[in-house]
Amino acid sequence: MTRTLVVVGHGMVGHWLVERIRDRDRADRWRIVVLAEEPRPAYDRISLSSHLEGGEGGDAGALDLTGPDLLDDPMADLRLSTTAVAVDRRARTVTSADGTVTGYDALVLATGSRPFVPPIAGRDLPGCFRYRTVEDIEAIRAAAVPGRTGVVIGGGLLGLEAANALRLLGMRSHVVETAPHLLPLQIDAGAGQVLADLIGKLGVQPHCGTITRSVDPGPDGRVCAVTLDDRTRLDAALVVFATGVRPRDDLAEPSGLTRGPRGGILVDDHCRTADPRVWAIGECAAVEGRCYGLVAPGYRMAECVAAQLLGLPARPFAGADTSTRLKLLGVDVASFGDCHAETPGALEYIRHHHRAGSYAKLVLADDARTLLGGVLAGDTSAYPLLHSLTGRQLSAHPERLLLGAPHEREPA
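Residues numbered from 1 in each chain as written. Predicted model: local features only at pLDDT ≥ 70, side-chain atom pairs only at ≥ 80, totals over all residues. Heavy atoms only, no water.

S.K.: How should unusual backbone geometry be read in this particular structure?
M.R.: Apart from glycine, the bulk of residues carry a negative phi angle, and the bulk of peptide bonds sit in the trans form. With a phi close to 50°, Ser81 is a non-glycine residue in the positive phi region. On the secondary structure map, Ser81 appears in the loop between strand S3 (76–79) and strand S4 (84–88). Positioned with a positive phi, Ala341 is a non-glycine residue whose angle comes to about 55°. Mapped onto the elements, Ala341 comes out in the loop between strand S23 (331–337) and strand S24 (347–353). (Helix = DSSP H or I, 4+ residues; strand = E, 2+ residues; numbered from the N terminus.)

S.K.: Is there a simple way to explain the environment of Val333 in this structure?
M.R.: Checked against the element boundaries, Val333 lands in strand S23. Val333 sits 82 residues away from Leu251 along the chain, and the two C-alpha atoms are 37 Å apart. In this structure Val333 touches Leu183, Leu195, Thr324, Arg325, Leu326, Leu328, Leu376, Ala377 and Thr380, once residues within four positions along its chain are discounted. (Contact = heavy atoms within 4.5 Å.)

S.K.: What exactly am I supposed to notice about the domain arrangement of the chain here?
M.R.: How large an interface is tends to be reported as the accessible area lost when its parts come together. Domain parsing of the chain yields domain 1 (3–112 + 248–310), domain 2 (116–243) and domain 3 (324–403). Measuring from the centre of the C-alpha atoms in domain 2 to the corresponding centre in domain 3 gives 29 Å. Buried surface at the junction of domain 2 and domain 3, both sides included, amounts to about 1,400 Å², of which 77% is carbon and sulfur. Ranking the residues of domain 2 by area buried against domain 3 places Gln186, Asp188 and Val194 at the top, with a combined share of 31%. Remark: the boundary between domain 2 and domain 3 carries one salt bridge. The salt bridge partner of Asp188 is Lys361, with a shortest N-O separation of 3.1 Å. Taken together, the connections running from domain 2 to domain 3 amount to five residue pairs in polar contact (both at pLDDT 80 or more). For the side of domain 2 that touches domain 3, the secondary structure elements donating two or more residues are helix H4 (157–168) and helix H5 (189–200). (Domains from an automatic or database assignment. Buried area = accessible area lost by both parts, 1.4 Å probe. Salt bridge = Lys/Arg side-chain N within 4 Å of Asp/Glu carboxyl O. Polar contact = N/O pair within 3.5 Å; in protein donor to acceptor, adjacent residues only side chain to side chain.)

S.K.: What should I look at first to understand the pairing of strand S14 (residues 223–228) in this one?
M.R.: Across a regular strand the side chains alternate sides, sitting on one face of the sheet and then on the other. Where burial is concerned, most of S14 is hidden: five out of the six residues are buried. Bridge count between strand S13 (residues 212–217) and S14: five bridges; the pairing is antiparallel. When the bridges of S14 are listed, Asp216 appears paired with Ala225. What sits between the antiparallel neighbours S13 and S14 is a turn of five residues, in which Gly221 has the positive phi angle 85°. Sheet topology note: the S14/strand S15 (residues 233–235) ladder contains three bridges and is antiparallel. Among the inter-strand pairings, Ala225 is bridged to a residue of S15, identified as Asp235. Once S14 ends, the chain turns through four residues before running back antiparallel as S15, passing Arg231 with a positive phi of about 75°. (Buried < 20%, exposed > 50% of the residue type's maximum accessible area, 1.4 Å probe, protein only. Pairing = 2+ DSSP bridges.)

S.K.: Is there a simple way to think about the side chain of Thr4 in this case?
M.R.: Following the sequence through the fold, Thr4 ends up in strand S1 (residues 3–8). For Thr4, a relative accessible area of 16% corresponds to the buried category. Ignoring anything within four residues of it in the chain, the contact list for Thr4 reads Trp30, Arg31, Val33, Gly103, Tyr104, Asp105 and Ala106.

S.K.: Explanation requested: the pairing of strand S26 (residues 371–377) in the structure shown.
M.R.: S26 sits mainly inside the fold: seven of its seven residues count as buried. Pairing geometry for S23 and S26, over five bridges, is antiparallel. Counterpart to Ala334 in the pairing with S26 is Leu376. In terms of strand pairing, strand S25 (residues 358–364) meets S26 through six bridges, oriented antiparallel. Of the residues in S26, the one forming a bridge with Lys361 is Val375. In this antiparallel pair of consecutive strands, S25 and S26, the connection spans six residues, and Ala368 shows a positive phi of 65°.

S.K.: Looking at this structure, I do not really get the state of the cysteines. What am I missing?
M.R.: Chemically, a disulfide is nothing more than a covalent bond linking the sulfur atoms of two cysteines. On inspection of all chains with the given rule, the structure shows zero disulfides. Free cysteine: Cys208, not disulfide-bonded; nearest cysteine sulfur from Cys339 at 17 Å. Under the relative-accessibility criterion, Cys208 is labelled partly exposed at 29%. The class of Cys339 is buried, set by a relative accessible area of 8%. (Disulfide = S-S within 2.5 Å.)

S.K.: What am I meant to see in the side chain of Glu38 here?
M.R.: Looking at the element boundaries, Glu38 is found in the loop between strand S2 (30–35) and helix H2 (68–71). One polar contact links Glu38 to Arg45, side chain to side chain, over a distance of 3.0 Å. Contacts of Glu38, omitting those with residues within four sequence positions, involve Tyr43, Arg45, Leu80, Ser81, Thr133 and Glu135.

Put into structure tokens, the structure is as follows:
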């Protein structure tokens, strides 16, 4: 008997779930209905900035993840521009904003996150943008004025992506971050300073450890400047908010589902809610109380749920490796393990080459031999080796490892 699976959300994680099920469901046990809020099928949100590299009229289709096999699949009903507004768990139905009611035998919530915009005066002025969707990117492109200055509020991963987007559009930019340094979740102050120095040479000016007081209008009512907490005033032809995201868990409480302590739809290590017919995956899911804002953990959640729906062995979701290696505005940065040395008794080995513009920190256990984590900026060539050694005793002196030396045990 064919049953109906409703998937709310068609971002990268929701799409991964649909593909995994269709790839393995040879007996067509599940008919899948996808309620997609955006007007386009799933696309590579991580590569949004690359949409600008083609210049005016860049091809957003290059970001598409959904191929003709899925679009033409009679067992997959993709409904674009369809927002789910209510779930009736007793009747097992989902109601959309247009009044359509869709019944389900199983329901997976993959609603993702929404951009967080702090309550700053002037945040809704014309010329203010978010950085989340293809439509956001196209609006920024239309408003960009080459040679003028834009202000990005938020100095995390998304903020630096937005600053790079403005640079690709020929604009200079300021990046405002409330933390003492850029990328506060991924790197430490030393690496943050190296990153700030290097992007400064590209025309991106960081302002860290300060708060945005207001976004200010000009005579025409559009954005013309941003005022910081220290009363610094930055000219701005446009402002981009990239101040983080919040899980989209709006459907939880009205349907009687529990939210996590910091938001998100509460699920167990198999991504199951308290209702055996309802799962949540991706950024909207609070797995045993914790939300994960990266796509890789979301893919693992999707794999786990797909296996359960198909009656296959399902490996529980046991957390995520938050190690990362990135190139931001041409600058290499990486972090792994306990990069902030939060383990009691942790020791830090730091190597900072100011002239070369590189920084490295290894975090060691109190035995001074076991590698707990680290941070790299400017040069991340040692990352693969160091990442593989995390949680193990060092195979060589820290200096040799940072230079990419092979696995060699130091003499006793």
